[in-house]
Amino acid sequence: MTMNEDFPIATLRQGAQGLMIEEIALADIAARFGTPTYVYSRAALTTAFNSWRQALAGREALVCCAVKANPNLAVLSVFARLGAGFDIVSGGELSRVLAAGGRADRVVFSGVGKSRAEMRQALDADIACFNVESAAELDRLNEVAGEMGKTAPIALRVNPDVDPKTHPYISTGLKNNKFGVAFVEALALYQRAAGLPHLRVRGIACHIGSQLLDPTPIQEAASRVLALVDRLAAAGIGLDHIDLGGGLGIRYQDETPPTIADYLAPLLDLTQGRPEALFFEPGRSLTGNAGLLLTRIEYLKPGEEKNFAIVDAAMNDLARPALYDSWHAVIPVQARALPPRRYDVVGPICESGDFLAQARDLAVLEGDLLALLSAGAYGMSMSSNYNTRPRAAEILVDGSTAHLVRERETVESLFKLEHPLD
Ligand SMILES: *Cc1c(COP(=O)(O)O)cnc(C)c1O
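Along each chain, residue indices are assigned from 1 in the same order as the chain's sequence is written. Whole-chain, interface and lining totals are the exception, using all residues; otherwise, since this is a predicted model, local features are given only for residues with pLDDT of at least 70 and side-chain atom pairs are given and counted only at 80 or more. With hydrogens and water stripped out, all remaining heavy atoms of the structure feed into the side-chain values.

Trainee: Mind showing me how you'd approach the overall build of the protein chain here?
Mentor: The helix and strand inventory of the protein chain stands at 12 helices and 21 strands. Note on method: radius of gyration uses C-alpha positions; expected globular size equals 2.2 Å times residues raised to 0.38. For a compact globule of 422 residues, the expected C-alpha radius of gyration is about 22 Å, and the protein chain comes in at 23 Å, within 12% of that figure. Considered along the principal axes of its C-alpha atoms, the protein chain spans approximately 70 × 60 × 40 Å. Across the protein chain, the fraction of contacts at a sequence separation of at least 24, relative to all contacts at a separation of at least 6, is 70%. Roughly 18000 Å² of accessible area belongs to the protein chain as shown, and the carbon and sulfur atoms make up 50% of that amount. The distance from the centre of the 40 positive side-chain charges to the centre of the 50 negative ones in the protein chain is 3 Å. Under the DSSP-based scheme used, a helix requires at least four consecutive residues in state H or I and a strand at least two consecutive residues in state E, with every element numbered from the N terminus. Here, two residues are considered to be in contact whenever any of their heavy atoms come within 4.5 Å of each other. The method behind every accessible area is Shrake-Rupley, applied with a 1.4 Å probe, and residues are considered shielded solely by the protein chains displayed. In this tally Asp and Glu are treated as negative and Lys and Arg as positive; neither His nor the chain ends contributes. One atom stands in for each charge, and that atom is NZ of Lys, CZ of Arg, CG of Asp or CD of Glu.

Trainee: In this structure, what is going on with the domain arrangement of the protein chain? I would like to understand it.
Mentor: Frequently, the measure chosen for interface size is the accessible area removed from exposure when the parts meet. For the protein chain, the assigned domains read domain 1 (12–41 + 288–414) and domain 2 (110–282). Here the limits of each domain have been adopted from an automatic or database domain assignment. Taking the mean C-alpha position of each, domain 1 and domain 2 sit 36 Å from one another. Counting residues at the interface gives nine residues for domain 1 and seven residues for domain 2. Roughly 780 Å² is buried in total at the junction of domain 1 and domain 2, and carbon and sulfur atoms are behind 58% of that figure. The term salt bridge refers to a pairing of a side-chain nitrogen on Lys or Arg with a carboxyl oxygen on Asp or Glu at a separation within 4 Å. The interface formed by domain 1 and domain 2 holds zero salt bridges in total. What qualifies as a polar contact is a pair of N or O atoms within 3.5 Å, subject to a donor-acceptor requirement within protein and to the restriction that residues adjacent in sequence count only when both atoms come from side chains. The tally of links between domain 1 and domain 2 comes to two residue pairs in polar contact (both at pLDDT 80 or more). Considered class by class, the residues forming the side of domain 1 that touches domain 2 number four nonpolar, four polar and one charged. Two parts lose some accessible area (1.4 Å probe) when they are put together, and adding that loss for both gives the buried area. Throughout this entry, Asp, Glu, Lys and Arg are counted as charged residues, while Ala, Val, Leu, Ile, Met, Phe, Trp, Tyr, Cys and Pro are counted as nonpolar. The remaining residues, Gly among them, count as polar.

Trainee: What exactly am I supposed to notice about the packing of helix α2 (residues 42–55) against helix α3 (residues 73–81) here?
Mentor: Between two packed helices, the angle of one axis relative to the other and the distance separating the axes together describe the packing. α3 packs onto α2 with a crossing angle of 45° between their chain directions and a minimal axis gap of 10 Å. The orientation of α2 with respect to α3, classified from their angle, is oblique. In this structure, the crossing between α2 and α3 has a hand that is right-handed. Across the interface between the two elements, R42, L45, T46 and F49 from α2 touch V75, V78, F79 and R81 from α3. Here the contact of α2 with α3 is composed, by residue class, of five nonpolar, one polar and two charged. A fitted line through C-alpha atoms represents every axis, and for helices the fit uses only the stretch in contact; the resulting angles, taken between N-to-C directions, go from 0 to 180 degrees. Relative orientations are named as follows: roughly parallel for angles under 35 degrees, roughly antiparallel for angles over 145 degrees, roughly perpendicular for angles from 65 to 115 degrees, and oblique for any other angle. The crossing is said to be left-handed when, going from far helix to near helix, the turn is anticlockwise and less than a right angle, and right-handed when the turn is clockwise.

Trainee: Explain the sheet that holds strand β3 (residues 24–25) to me, please; I cannot follow it from the model alone.
Mentor: Adjacent strands of a sheet form backbone hydrogen bonds with each other and so pair up, either parallel or antiparallel. Spatially, β1-β2-β3 is the arrangement adopted by the three strands of the open sheet, whose pairing is antiparallel. Looking at strand neighbours, the two that pair on one side only are β1 (12–15) and β3, the edges of this open sheet. Pairing between β1 and strand β2 (residues 18–21): four bridges, direction antiparallel. Looking at the pairing, Q14 lines up with L19 of β2. Think of it this way: DSSP has to see at least two bridges between two strands before they count as a pair.

Trainee: When you look at the environment of S383 in this model, what are you seeing that I'm missing?
Mentor: Inspection of the secondary structure puts S383 in the loop between β19 (369–372) and β20 (393–398). C-alpha separation for the pair S383 and R320, spaced 63 residues apart in sequence, amounts to 9.6 Å. Excluding its chain neighbours within four sequence positions, the residues that come into contact with S383 are N316, D317 and R391. Within the structure, S383 has its side chain in polar contact with the backbone oxygen of M380 (distance 2.7 Å).

Trainee: Just to check I follow, could you spell out the packing of α2 against helix α9 (residues 260–270) for this structure?
Mentor: Put simply, α2 and α9 touch, their axes get as near as 9 Å, and they point 25° apart. One finds that α2 runs roughly parallel with respect to α9. Seen from above, α2 lies across α9 with right-handed handedness. Along the contact surface, α2 presents A48, S51, W52 and A55, while α9 presents I260, A261, Y263, L264 and L268. Here the residues of the contact of α2 with α9 sort into eight nonpolar, one polar and no charged.

Trainee: Help me understand the pattern of salt bridges in this model?
Mentor: Pairing is possible between side chains of opposite charge, provided their charged atoms come close. Evaluated as defined, the whole model comprises 18 salt bridges. Linking K306 and D344 is a salt bridge whose minimum nitrogen-to-oxygen distance equals 2.8 Å. In this pair, K306 is assigned in the loop between β14 (291–301) and β15 (307–311) and D344 in strand β17 (residues 341–346), connecting sequence segments 38 residues apart. K306 gets classed as partly exposed once you look at its relative accessible area, which sits at 40%. Taken together, the shared-partner salt bridges in this structure form one network comprising D230, R274 and E276. Buried, partly exposed and exposed residues are distinguished by accessible area as a fraction of the type maximum, computed with a 1.4 Å probe on protein chains only: under 20%, between the cut-offs, and over 50%, respectively.

Trainee: What should I look at first to understand the nonpolar core in this one?
Mentor: In these notes, a set of buried Ala, Val, Leu, Ile, Met, Phe, Trp, Tyr and Cys residues joined through side-chain atoms within 4.5 Å is what counts as a nonpolar core. By size, the foremost hydrophobic cluster in this structure holds 96 residues, and its most contacted members are W52, F86, F130 and L264. The dominant element in this core, judged by the number of residues it contributes, is helix α8 (residues 216–234), at eight residues. Residues lining this core come from more than one domain, with at least three contributed by each of domain 1 (12–41 + 288–414) and domain 2 (110–282). Aside from chain neighbours lying at most four places away, what touches W52 is V63, L248, I260, Y263, L264, F280, P282, S285 and L286. Counting 22 residues, the second largest nonpolar core, distinct from the first, contains F7, L12, L26 and F33.

Trainee: What's the story with the site of the ligand in this structure? I'm lost.
Mentor: Lining the immediate environment of the ligand, one finds 14 residues, of which K68, S210, E281, R284 and Y378 sit closest. Split by residue class, the shell around the ligand holds three nonpolar, six polar and five charged. Any residue with at least one heavy atom within 4 Å of a molecule or strand is counted as near it.

Okay, here's the thing in structure tokens:
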């Protein structure tokens with residue numbers, strides 16, 4: 001593996017005690033808290049958020065962290081203290097934001113399937129905006145708000161039908177997927193919304209996909225959205241904000257995503273001088289390279305065709321390789337003067353798809369620790385209990401302090417809600 005440049009995680013480095021994140025040795029974290037364990041860097045989270053904010057300096061703008069990328073309460077509270085907004089996709093995520101000290105009036109609520117109960121919860125909290133994704137949702141929201149004697153602030157999530165050139169499972173802005181309302185229907189839907197008594201039209205939203213590396217599709221989407229905003233204005237529907245979603249990609253291997261500033265510059269040019277505030281909903285670009293998954297090698301299993309390093313983390317902890325064939329750097333925590341061997345890094349789960357990395361040259365022994373990098377987004381948040389595996393602990397490193405921000409689950413906690421027959 002070629003990983004002699006800087007690590008994608010800026011606060012990770014080789015130190016005297018092996019790999020260090022901020023001022024703490026990963027070996028110490030493993031000794032104190034066990035493995036597998038997610039480890040996040042507060043400094044890296046803060047730097048990422050501040051890069052968004054600095055790039056938007058001088059503009060009326062709100063950075064709404066996508067909660068689903070990393071919903072840990074401590075991670076959310078780092079962003080809340082920095083003044084972040086939040087993009088939620090469920091009532092559960094709203095509860096998390098509020099528990100973490102986030103402000104409801106900076107929350108936007110996305111998602112195609114909002115239930116009445118979720119609408120009531122969000123109206124009760126007075127969130128900033130519902131990003132509505134269908135005509136039926138407009139009607140339901142109007143009804144629920146009316147019952148509560150409230151007015152619901154809305155944006156329509158429009159589907160600009162541009163190809164984000166990313167993995168099909170994370171591309172969301174094409175005509176053939178379930179998200180957003182079609183461009184051709186948007187004007188009529190806005191007119192309908194404007195006529196509903198318990199809705200107030202506030203903005204427009206789009207989100208074309210995730211792990212965007214080419215900045216052109218979002219610029220194209222933004223141009224289309226702006227043309228629509230002008231058509232709406234001509235029809236007497238003025239908007240307060242334009243939400244351009246999330247999606248900015250990160251470096252996992254050798255990708256060269258635009259910097260946050262380079263990603264935003266053309267969008268800021270396009271919207272220069274406009275009266276509407278700008279909203280963004282970044283997830284991966286805030287947390288992805290602020291976290292890693294720490295795991296220990298249980299066995300080395302040489303084979304005729306392949307060698308396996310069987311580790312104590314698995315696809316239930318980090319689903320992305322199995323789900324999207326994604327690549328995560330694998331770095332031994334202690335360097336060894338051994339000839340490297342080529343391994344597939346796999347977990348203990350009874351599925352052939354249970355791999356975390358394939359064909360990596362590693363100089364390792366049984367019992368060694370490995371760090372799987374770029375695991376701060378869609379890592380823990382997509383984890384499961386498959387194979388009755390308690391979920392990993394989560395640690396937030398802040399300088400030389402390691403905070404245990406989520407305890408490792410216990411097997412008893414996994415079946416606490418179940419009832420055997422007596
Ligand atoms: C998932 C999601 C995001 C965040 O996407 P990233 O690629 O992690 O930046 C933002 N907005 C919406 C509506 C989403 O579904």
